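If you want the building blocks of each chain, they are given just below.
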Amino acid sequence: MDNQKSLSEIEKLKSILQTSEIPANLKEKALEQIERINLTLRYGGNLSQIDITAKYIDWITHLPWFKKTEDILDIKKAKEVLDKNHYGLKKIKERILEYISILILQKQKQQAEKISYHAPILFFVGLAGTGKTTFALSIAEALGKKFVRIPFGGLSSALDLRGQAKTSPEAEPGMIVKALRRVNSLNPVILLDELDRITPEARSAIMGVLIEILDPNQNKSFVDYFIDYPIDLSQVIFVATANNTTHISTAVLDRLEIIQMPSYSDEEKIVIAKNYVLPRYLKEVGITTENLQIEENVWPKLIRPLGFDPGIRSVERKIEEIVRKVAYKIVSGYGKTFVIDENSLKEYV
């Protein structure tokens, strides 16, 4: 990059900053960084900081500093969403409706009295396939909020959450900031998924960052090392999941409200598979119940082929496989209607 081109790039960065909606202090701070690079270039200095600063400007100008979605404050709608997305689990649904009711009351009080509110943080604990993630999605849908998932499985450094200081071209923000940019909203539902699967060597440091993220007294001014400016996380609704609580620190657990997810019976799995899972995959693929029919005596074989499974993950995979193969047969011209019975089942799974 020659000197003239570099100066042109600096003017471009200034223009992007001036037209962006970001906090005034942050804008001033970023403009000072650009001026320092400008002086360096004019006196024949190093050009390497331009790329780092351009990356930084891109990030701070694409964060939702002032953008929020309008909340849906309707408990009837919330109940409809839960019943549509989940079969049974009456006590869990009641607990979530109580939770949403509190959010509604707090939000109404906030609007009337101009005060902030803090949602309790629900922590769904249970075996794989028992509906933990789906309930988090349902909360977002019921409240009309955007949803983003942060996977903790295999997380090996607190910097993955906190970000890295912008001293090198490889530095980047942490997963919290990335999540906010992805949904372009300051008040989404963020799912902290699989908290029990953090790598052992990083667990202590990550738990420390989690405390700051989840604590309402601290998360109003969360500082990502890359952004290096306080970000308000107090309007985020955090939901967490884990298979168990064994490796989660007491300080983090103190900030979470545990909801224990039960296992499904075979009868419940059949109802869920027939009325929830199959219709969902048919809709996704674009085929109908006229194209694919599964006979009643096949469902028990789909539910329990190899023994007991507490969740519905395995039956979901089998139904997805059946739907996928039927779609292939239709497109390949083998027919328009396919009936899965005990004899034909082996052809599909």
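The following refers to the structure shown. Because the structure is predicted, anything quoted here is derived from the model rather than measured.

## Considerations on the overall build of the chain
So, point 1. Helices and strands together make up the secondary structure of the chain, namely 13 helices and nine strands.
So, point 2. Projected onto its principal axes, the C-alpha coordinates of the chain cover approximately 80 × 55 × 40 Å.
So, point 3. When the 349 residues of the chain are sorted by exposure, 46% land in the buried category.
So, point 4. Summarising the internal contacts of the chain: among those between residues at least 6 apart in sequence, 76% fall at separations of at least 24.
So, point 5. Roughly 17700 Å² of accessible area belongs to the chain as shown, and the carbon and sulfur atoms make up 50% of that amount.

## Quick notes on the nonpolar core
So, point 1. Membership of the largest hydrophobic core comes to 57 residues, with the highest contact counts inside it found for Phe152, Leu192, Ile227 and Phe238.
So, point 2. In terms of residue count, the dominant contributor to this core is helix α9 (residues 203-214) (seven residues).
So, point 3. Ranked by size, the runner-up nonpolar core spans 50 residues in total, among them Leu82, Tyr281, Ile287 and Tyr348.

## Some words on the sheet that holds strand β2 (residues 147-151)
So, point 1. Spatially, β2-β3-β6-β1-β7 is the arrangement adopted by the five strands of the open sheet, whose pairing is parallel. Two strands lie at the open edges of the sheet, namely β2 and β7 (257-260), each paired on one side alone. Each strand axis lies, on average, 25° off the axis of its neighbour in the sheet, ignoring direction.
So, point 2. The sheet contact formed by β2 and strand β3 (residues 189-193) spans five bridges and is parallel. Its bridge partner being in β3, Arg149 is matched across the sheet by Leu191.
So, point 3. Here helix α6 (residues 132-143) sits on the sheet and contacts β1 (122-125), β2, β3 and β6 (237-242); the angle it forms with β3, its principal contact strand, is near 170°.

## Describing the pairing of β1
So, point 1. What you see with β1 is no split at all: Leu122 and Phe124 on one side and Phe123 and Val125 on the other are buried throughout.
So, point 2. Sheet analysis places β1 next to β6, joined by four bridges and oriented parallel. Residue pairing across strands places Phe124 opposite Thr241, the latter belonging to β6.

## A short note on unusual backbone geometry
So, point 1. With phi around 50°, Leu89 is a residue other than glycine that occupies positive phi space.
So, point 2. Looking at the secondary structure, you find Leu89 in the loop between α4 (75-85) and α5 (90-113).
So, point 3. A residue is classified by how much of its surface remains accessible, and Leu89, at 12% relative accessible area, is buried.
So, point 4. The phi torsion at Asp228 lies on the positive side, around 55°, for a residue other than glycine.

## Describing the side chain of Thr199
So, point 1. With respect to the secondary-structure elements, Thr199 resides in the loop between β3 and α9.
So, point 2. The class of Thr199 is buried, set by a relative accessible area of 17%.

## Looking at the packing of aromatic side chains
So, point 1. Under the criterion given, the structure shown has four aromatic pairs.
So, point 2. Measuring from ring centre to ring centre gives 5.8 Å for Trp65 and Tyr229, while their planes differ by 85°; the resulting arrangement is edge-to-face. Of this pair, Trp65 sits in the loop between α3 (49-60) and α4 while Tyr229 sits in the loop between β4 (222-223) and β5 (230-231), placing them 164 residues apart in sequence. Judged on exposure class, the residue Trp65 and its partner Tyr229 are both buried.
So, point 3. Here Tyr87 and Tyr276 contribute two aromatic rings whose centre-to-centre distance is 6.5 Å and whose plane-to-plane angle is 55°, an arrangement assigned as tilted. You can see Tyr87 sitting in the loop between α4 and α5 and its partner Tyr276 sitting in helix α11 (residues 266-285), a full 189 residues away along the chain.

## Let's talk about the environment of Phe147
So, point 1. Among the secondary structure elements, Phe147 is positioned in strand β2.
So, point 2. Residue class for Phe147 comes out partly exposed when judged on its relative accessible area of 24%.
So, point 3. Not counting residues up to four positions away in its chain, the partners in contact with Phe147 are Ala136, Leu137, Ala140, Val183, Val189 and Leu191.

What counts, and where the lines are drawn
- Residues numbered from 1 in each chain as written.
- Predicted model: local features only at pLDDT ≥ 70, side-chain atom pairs only at ≥ 80, totals over all residues.
- Heavy atoms only, no water.
- Helix = DSSP H or I, 4+ residues; strand = E, 2+ residues; numbered from the N terminus.
- Buried < 20%, exposed > 50% of the residue type's maximum accessible area, 1.4 Å probe, protein only.
- Contact = heavy atoms within 4.5 Å.
- Areas by Shrake-Rupley, 256 points an atom, 1.4 Å probe, with all protein chains shown as cover.
- Core = buried A, V, L, I, M, F, W, Y, C linked by side-chain atoms within 4.5 Å.
- Pairing = 2+ DSSP bridges.
- Axes fitted to C-alpha atoms, helices over the stretch in contact; angles between N-to-C directions.
- Phe/Tyr/Trp six-rings, centres within 6.5 Å; stacked < 30°, edge-to-face > 60°.

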